[in-house]
Structures are given as C-alpha cells and as structure tokens.
Amino acid sequence: TRETLERTLAQLDGRGYASYKQLHGSYDLGSCQLAIDHVQVDPYAPPSKVRAIVDRATSDLPKELIDTPAHRVAVADFLTRRFRDAIDRLAPRPSGGGGGPISIGAPGQQVLARTSVLIADDRVEARFQVELPAAGRRALGRNAARLLTETVPAIVEASLRHANLDAEALRRHVELYLDQEALRSALPERGLVAFVGDGAVLPRRSGDSDLPLTDGATVFESPPSLRVSFDLPSGRSVTGMGVPAGITLIVGGGYHGKSTLLRAIERGVYPHLAGDGREWVVTSPEAVTIRAEDGRAVTGVDISPFITNLPAGTDTTRFTSTNASGSTSQAANLVEAVEAGAALLLIDEDTSATNFMIRDQRMRHLIPADREPITPFVDRIRPLHNERGVSTILVAGGSGAFFDVADQVIALDAYVPRDVTAAAREIAASDPAGSGVEAGSGPAAARSGPVFDSSLPRIPTAEALRPRGKGKPAKARGRTAIQYGHETIELSALAQLVDPAQTTAIAHILDRLASRLDGRLTLAEAVTELYRQIADDGLDAVSPHTGHPGILALPRRHEVHAAVNRYRELALRPPR
Ligand code: ADP
Ligand code: MG
C-alpha cells in the first residue's frame, strides 16, 4: 500500500543508493496500482522502470473508442502524449531544461504502436521510467516518496482517466488515425501507390526538425489530371494527387521541391498527427527508400540483375563485400528491399550513385558493353514492374534518360506540381538518341528471359545472429545504431526509421530472430513468423522483460530486414 511504500522510502532516506533495490514490487496507491519492475543500481544507470495500472472502470474509456487493435493504437498514442504533457507540467527538471526525472519516451509526428500505454480488457497501464533521486550516491528517500506517491498519481490521474481528458480531442485523434489507415488500405483498389492531399504542407521547419514549416510554405495542390478523391469512414472526403502504380518521375529545376515531395511520400508509410501538414500524405505500407550507401557490408545478395562480370571475377549472384561501392550498395539495397516485400521504391537522384542509375549514349559508345559490369537502373526499372510488380517513384531533375520508361512525369515548378507526361513522351519520341535506354547494352541486359526471378533463397545459418563472445543482448544506441556483440549495426541510411523506440524494438527483435534461425528458415520467413506473434500478442512480446517491456515502438519489417542485412557478421548457408 501507499503507507508501505512511504515507510520504506523514509527508512532508506540518506542511505546508500543501492538500498532503493528493496522497492521492487507492487503497491496499491488507491487511485492506481504502482508496479516497480526494475530498480536502477546507481544514479547513473538507466532509470528505474515503473508501471501505473488503472482499472478499466476507473479509466472509463468509451468502449467504441477501443473497439479494434487500430483504435487502441490511436488511443494509446493519445494517452502517451497526455502523460508526457502531464510530466512536463508536474515533474519538470528543477533547472527547467531537458527531461525531468520521469519519462515515457518522446513520440514524434507519427502515430506508432508503442508499449508506453497498454489498453487491456481489464486495465489501462502506463509504462514509464523514473530516475530515483540522489544526493551524490545517497538515496533521497523522502523526495522519492513525493515523486512516487504524489507526482506519479497526479500524472496518472490527468492522463489515464477519460473524465480528465479532452474527450473531443481524443475522438478526433482516433478518427484521423482510422481515416488515414482506411485511405492507405484503399490505395490498391484505386490502382495507386501514394496519395498527396490538397492543402498538405510538405516542407519541414529545418533539416533537423520534423515539424511543419509555418512561414511561407506553399501548400500542395494536385494537378487536375492526377486528381482523385476518397470518402473516408468518418464521413470526411479528401481530394489530392493520386500516384498510380508503375513508374513515376518527379522532375523540375533545382530547389523547386522535388526531394521534399519524395521525403513526404517516404514518411507517408506512417500516420501523422493533426497539424503536421502530412496528415493526407499516405503511401503504400510497402514503400522503401533506396539510396547509395557506400561502405556498408553486403552478404550473399544477388545483384546480378544490375552488376555482372566484376573485374576480379567476383560472383554477383551471391555478392558479398565488407565495403560496398556506391553502385553495388545501391543495387544490394534494392534487391534486399524487394526480398523483404517492397512494392514501391522511392529513389532520389541526390542520394543515388549516378552510374547505378543511368549511362548515356556517349559512354555506351566509348566503353563497350562487355567492359561495363553495370546495367543501369534505367534498363531495369521496367522489368522490375512487369516481372515483380514493383513500382518506382523517382526524382530525376538532371537527366531525361527515364522519359522513355516513365508512366507519368510530374514537374515541380516553384513547389507546384504539373503533369508533364505528354510533353516528356513527345521529347522522348523525337529524340531517341537522348534516351539512356538501349536494349542489349550491358552484359546482364543481354540475358534473355526474366531478369528478376533467379534469386536463390537467402537462408541464414543457425548461428548467423549469435556471434561468438556475444554475452549481452543487442542494444540500441539512439535511432541510428545497434550494438550487437562486438559489431555496431549502422542504420543511419534508413530514412524510414523514425523513432529511437523503434530501434530499441529492432534490437530485441534481433535477439528473438537469433534463437529462431535454424539453418532452414529464410530471413523473410523468420521475420514473418515473428510479426505474426507480434500481431497476436502485441509488441510487449518482443521484450526480454516481464512486466515493464521498456520503451518500444513498432518498426516495419523492412527496417528489421535492413538491420539484419547490415550486420557485418551475418552468415548465410551456402547454396546447394
Ligand atoms: P529540390 O530537391 O527540387 O532541389 P528541395 O525539395 O530540396 O528541392 O527543396 C528546396 C527548398 O525548398 C528546401 O529548403 C525546402 O524546405 C523548400 N521547400 C520545399 N517545398 C516547399 C514548399 N511547398 N513551400 C515552401 N518551401 C518549400
Ligand atoms: Mg533534391
């Protein structure tokens, strides 16, 4: 009970920090139950993990708002944000700056499935972290008592009880989320891979901010020829630009907003908050950004559709490198993404290897096909769609090479899109020599039959993710790296990994995969099994901890594949 907790804390006031250990346990505070699942060993260790549990009856969330798993994702996101607001109000850092002693993660502009708030049949649980107060290495038991028995219940009261929430804001939050997800599921039946709503604000405040540009942003307005409308479950109807499946080219002068549009589409795989500006930028969930990433490791990837006959006789059907070049890394990224189920590739000239993308006629004349290992993407973009159903949205302001293969061409002029497909076709027809495409130009192009169907399955060995000497679990270092055994898995090239809590979840998922791999399952099969379990048991299921699962957010399976593929000690079973 509250008294037990207060008494214990009063007793350990002024004693060594380690005496906090005895707090481990569960306490009935009246308005909520407090479960202290993990107590930090010293003031500098990762903070203690605490759950606050409220009866469903007490929390009183309307039943119709928590009907389905999708509803619960949206409600949990809302409650997490209100919990964080209450922390800022009731438990700020004494100096005012930075985070206070209590934290629940920092959800950004996206709405993701998270472990921070659990909505179960009988209860609502907040999972947060507390830095137990210290003076030097002594426990400040009385301060801790105030924090845990007064501040925490006040935060819980403000954020988990329906009566204390803005009910209308909550309803709108859920409605917006469900509308966005409904639009996403409706894309395929309309033959679309992405949608950008009229009125959207795509540019961000700065290169290191995900907040909308507020001053002087040109709002999005769809070109009439690509305009489509959707009627959504809430009764709302939205109109905007539909990007059809197939090959879409985004062109336009430098600084006219091409990359900004592509980046918004790339983030459109996630739902966004009201006011973000990208609420109605909605993309196929299977969209993956492909870029050059020289220096990455590649293990056993069939990049032969793009690269064959390397000078040293390297086998490109099982390409392995500790230090891939710009073009080979981009080819590997693409083939791996398709293996992971990508249905839409997003490619920006700014982050591509030119020799991977195109080769012009002069170069084709100077360097004979049999001396050039690369068949550029411009020759492969069409087979990729015809053979594998993979669409591409490509930003190419510097070359007209893709005019011949594009299904639609969108030009940005001072941030305003126009459909210039007809003009581009005319140019392509009147000037075939300017084309970058030439059948039979590269050695791979000379192969007859399909280009993309030959890949052997990639089967990791049973020990593939269990490096020798790896005693410790995988550990996320911020959003962009995972420490795994002696290796660091570098993830900064993954544009669609948006939250450090996703990276933490990927680290746990790697440990789960490690024990699942048996030398028979392909990587894709192992990941699929794991995601089935997450769908059944929730994201908590990937955590190694019972009780408080840690601060996790659901990553896409694409980013899980990407992390495994970037692991430098990944070992595959040799093909038979
Ligand atoms: P490009 O890729 O065509 O060279 P960018 O997308 O990088 O251009 O955009 C150039 C600049 O214009 C960036 O600073 C970006 O934030 C800004 N910008 C992009 N779209 C808009 C818009 N719709 N309204 C205002 N500024 C924008
Ligand atoms: Mg650009």
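The structure under discussion appears in the preceding block.
Thresholds, definitions, all that
- Counting restarts for each chain: residues are numbered from 1 in the order of the written sequence.
- Each chain gets a letter, beginning with A, and each ligand a number, beginning with 1, in the order they are written.
- In keeping with the model being predicted, local features are shown solely for residues with a pLDDT of at least 70 and side-chain atom pairs are shown and tallied solely at 80 or more, while totals for entire chains, interfaces and linings include all residues.
- Heavy atoms throughout the structure, all of them, feed into the side-chain values; hydrogens and water do not.
- The classification of residues rests on relative accessible area computed with a 1.4 Å probe and restricted to protein chains. Under 20% of the type maximum is buried, over 50% is exposed, and intermediate values are partly exposed.
- Per the convention used, a helix needs a DSSP run of H or I reaching at least four residues, while a strand needs a run of E reaching at least two, with both numbered from the N terminus.
- The pairing criterion for strands is at least two bridges between them, as found by DSSP.
- The nonpolar core is taken to be a set of buried Ala, Val, Leu, Ile, Met, Phe, Trp, Tyr and Cys residues, with the residues joined through side-chain atoms within 4.5 Å.
- Contacts are residue-level and defined by heavy atoms, with any inter-residue pair within 4.5 Å sufficient.
- Helix axes are fitted only over the stretch in contact, all axes being lines through C-alpha atoms; the angle between N-to-C directions runs from 0 to 180 degrees.
- Note on aromatic pairs: the rings of Phe, Tyr and Trp (six-membered ring only in Trp) are paired at centre separations within 6.5 Å, and the planes decide the class, stacked below 30 degrees, edge-to-face beyond 60, tilted for the rest.
- Either the NZ atom of lysine or the CZ atom of arginine qualifies as a charge over a ring when it sits within 6 Å of the ring centre and within 35 degrees of the ring normal.

Glancing now at the pairing of strand 9 (residues 192–197). As a general feature of sheets, a regular strand has side chains that alternate between the two faces. Counting buried positions along strand 9 gives 6 out of 6 residues, so the element sits mostly inside the fold. Where strand 9 lies against strand 11 (residues 237–244), 5 bridges are found, and the strand directions are antiparallel. The partner of Phe195 across the bridge, within strand 11, is Gly242.

This part takes up the nonpolar core. Grouped together as the largest cluster of nonpolar side chains are 53 residues, with contacts concentrated most on Tyr20, Leu23, Leu34, Leu79, Ile102, Phe128 and Leu148. Of all elements in the fold, only helix 1 (2–12), strand 2 (33–38), strand 3 (48–55), helix 3 (69–90), strand 5 (117–119), strand 6 (123–130), helix 4 (141–160) and helix 5 (167–186) reach the threshold of two or more residues within this core. Broken down by element, the residue count for this core peaks at 9 residues, all from helix 3. Contacts of Leu23, omitting those with residues within four sequence positions, involve Leu5, Thr8, Leu9, Ile36, Val39, Leu132 and Leu148. Counting residues in each nonpolar core, the second largest holds 46 residues, with Phe356, Val390, Val409 and Ala428 among its members.

The next thing to look at is the sheet that holds strand 13 (residues 281–283). Pairing is antiparallel across the open sheet formed by 4 strands, whose spatial order is 10-11-9-13. Only two strands of the sheet have a single partner each, and these edge strands are strand 10 (227–231) and strand 13. For this sheet, the mean inter-axis angle between neighbouring strands, taken without regard to orientation, is 35°. The sheet contacts of helix 5 involve strand 9, strand 10, strand 11 and strand 13, and relative to strand 13 the element is tilted by about 45°.

This paragraph deals with the packing of aromatic side chains. Tallied over the entire structure, the rule returns 9 aromatic pairs. Ring geometry for Phe306 against Phe356: centres 5.1 Å apart, planes inclined by 45°, an arrangement best described as tilted. With a gap of 50 residues between them, Phe306 in the loop between strand 15 (298–301) and strand 16 (319–321) and Phe356 in helix 8 (residues 354–357) connect regions that are remote in the sequence. The same class applies to Phe306 and to Phe356, which are both buried. Clustering of aromatic rings is evident, with ring pairs tying together Phe306, Phe356, Phe377, Phe402 and Phe452. We note Arg82 situated over the ring of Phe78; from NZ or CZ to the ring centre the distance is 4.7 Å. The positively charged end of Arg190 is found above the aromatic ring belonging to Phe230, 4.3 Å away from the centroid.

These results come straight from atomic positions and should not be treated as a statement about function.
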